[in-house]
Amino acid sequence: AQEKKIFTVQGPYPVIRRLLRARGWVERKLPRTGRTPEHHRGDQNKQRLQTGPSNGSGRQKEEEEQCDEDPNSIHDIMSYLVRDQLPNFIWTNFLDAIDHQLLQQDNVVNHYARVDAFTTKEGLCLSLQNLPWIEQADPNTFFPRCYRLGIMDDQEAFIEDFRLTAARSLLKLALEEAGDRPMRTEQVPNSAKEAGVTHPKHSTARPSSPLYPELVEEALEVCKQHLGILEHQDIDRNTPSPCRTCIDWDRFLQQYYRVAHEGAGLVLTREQRKQCQNLLQSLAEKLPQLDMEGKHNIWVLKPGAESQGRGIVCMTRLEEMLQLAWSCTAHSLRLGRWVVQKYVEQLLTVFGTKFDIRQWFVVTDWKPLTVWFYHDCYLRFCSRPFSLHHLERARHLCNVSVQKWYKTSPDQDPRVPPDKIWSNKQFQEYLAQLGRADAWHQVLVPGMKAAILNTLRSAQDRVRFRKGSFELYGADFLVGTDCQPWLLEINSCPTMSPSSAVTRQLCANVQRDTLCLVLDRKDDPTCSIGAFELIYKE
C-alpha cells in the first residue's frame, strides 16, 4: 500500500482481480450491501442501456468465484489494512455504482461520464445525424439510417424515408419478377387477370382484387423526383419532397404491401423495365444504402429504455410501427423514446444463419482523442436460419441474452456452432473457403475502424472525460453481402461473462491486455499490449 497500489473492483470481474493481485496490488473491498438499493435501481437500469448481453449462469459462477474466499487469506488481511485508504485504480461495470467520495483527481477509473452520446440508441442516432457538420464523413456509409420517433422532425423524416424506400423496393421487385417472363410491349390494361401475377418466392395464392398497373408508374415518378432532389440538393434546398406529391400514399403502401409481403405480382412493359434499371442505377450513385436496404422495407423498432434486446421488433408496415410507438408512449413516458432503424436486408450469412460481430476498443484519452483497436473479436449467431419472410427474434437478434432462450431449430445447418459463438479466426477461415480470404483485412477491419473513429468524433465534445482514466467499449457490427461492416451500437460495459469456450478465452485476454495498456505501459512504454493497436491519436 506504501507504493500506492490499491484497487477496487465492483462487479463480476475475477480476471481483473486476479491480475491486479498478481501485480502486487491490494484490494480495498467495497461493503457488501446485498440487493441493490431501490433508489439506485433506476440508474442501474439506465446504465444497462449501454451494456452488452450477458450469460446468466456465467455471471453467477463468476460472482460466486469472487465471494468464495477464505476470510483469513493474505488478500483479505491486506484488504482490511487498507480499508480506510482511497483506491488508485477502480474497475466497475458502471460509474454510478461507485461512491463519489472514492473518485479523486488522480485515480484511474475504467469509465468516462456522459458517454450516452454514443452508447445509447438515441445518443448514437443523434450524434451520427450531426456527423457531417463535424467531419467530412457520411454516416450512411457505415450506420443504417436511424430516427428518433419521439422527435417530430425525425418522425416526419422517417415517414418520408419509409415511403421512398417502398417506391424503390417496388421497382426492385418489379425487375426481379420481370426477369422470369417475357416483356410486354404495350401498356398493361387495368385488369385483375394480368395485375394479379403470383410472386414466385411468396405465397401461391392469387390476390383477391386487382393491382393497378399505374403502381409502377407512380413508383417511377416518385423515384425520378427524389433523384432530381439528390442531384440538385446543394443548389436548391427548397425543392418540395417527392412524398408531398399528389400520390395517395395510403393506397400506394397498401398495394406495395400486397406485392412485397402477400405474393401479389407486377407486370412491366419493356419501357418500364428500362426505366427501372436506369433509375435504380442512378440512385445507387447517390444512396450508399440502396443495395443494403433490400426490397422488403423491413425496419427495426427499438425502445429507448430497454437493453439486451428487450422490446426490439422487426416490422414492415408503417402504420403498425407508428401505432406501437404511440401506444407505448401513451402508457409510459419512459418507454416513449423509440428509435427506428433500417434493417440490413442484404446480409452475409454463415451456413444460412445471421450473425453479428462484437468488436472491442479502448479510449485512453478524449483530448487528444486516443483510440486503441483490439484485433481479436467474436461472432454471435442466431438460433434459426435467416429469412426475411419470418421476422421472429430467434432469426434476427444475435444478442446472447436473447438467443440463450431459444433451442437450435431442427432446420438449422448442423455446422453452426452449438454455443452460437465463433472467433474472428474461425470466421476468416470461412471467408477463405468462400474465396474471400482478403475481405477481413482489406474490407471488414478498415471499415470497423473507420466507423468507430467517426462515431467517437461525432460525440467527442459531449463526453465528460478525466485525465488518466480509460474505457473499454464493445461495438456491434453486421456484415453486408459485400463484406462491408454496418455499425449497430456501441456498449460502454461489454459483458466479460463468458458464454462459450471462445468468449472465455477472448474475454480473459482483452481484460489482461487492457491492464497492460492502461497500467504497465505507464512504467514501460515498450511493454507488450497484446492484441491492441493504436489506430488514432489527435
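Refer to the preceding data block for the structure.
Below, the structure is looked at part by part. Fair warning: this is a prediction, and the values are worked out from it, not measured in the lab.

Rules and cut-offs
Residues numbered from 1 in each chain as written. Predicted model: local features only at pLDDT ≥ 70, side-chain atom pairs only at ≥ 80, totals over all residues. Heavy atoms only, no water. Salt bridge = Lys/Arg side-chain N within 4 Å of Asp/Glu carboxyl O. Helix = DSSP H or I, 4+ residues; strand = E, 2+ residues; numbered from the N terminus. Buried < 20%, exposed > 50% of the residue type's maximum accessible area, 1.4 Å probe, protein only. Pairing = 2+ DSSP bridges. Axes fitted to C-alpha atoms, helices over the stretch in contact; angles between N-to-C directions. Contact = heavy atoms within 4.5 Å.

A look at the pattern of salt bridges
A complete count under the given rule lists 23 salt bridges for this structure. With a closest N to O distance of 2.6 Å, Asp476 and Arg358 form a salt bridge. Taken together, the positions of Asp476 in strand β13 (residues 471–479) and Arg358 in strand β9 (residues 355–366) put the pair 118 residues apart, joining distant regions of the chain. A relative accessible area of 0% means that Arg358 is categorised as buried. Between Asp513 and Arg512 there is a salt bridge, and its shortest N-O distance comes to 2.8 Å. Each of Arg145, Asp161, Arg168, Lys172 and Glu293 takes part in a single network of salt bridges with overlapping partners.

Looking at the sheet that holds strand β7 (residues 313–315)
With respect to topology, four strands assemble into an open sheet ordered β5-β8-β6-β7, the strand pairing being antiparallel. Among the strands making up the open sheet, the edge pair consists of β5 (146–148) and β7. Strand-to-strand twist across the sheet, computed as the mean angle between neighbouring axes with direction ignored, equals 25°. In this structure, strand β6 (residues 299–303) lies alongside strand β8 (residues 338–342), joined through five bridges in antiparallel fashion. Its bridge partner being in β8, Val300 is matched across the sheet by Gln341. Against the sheet, helix α8 (residues 152–178) contacts β5, β6 and β8, and its axis sits at roughly 145° relative to β5.

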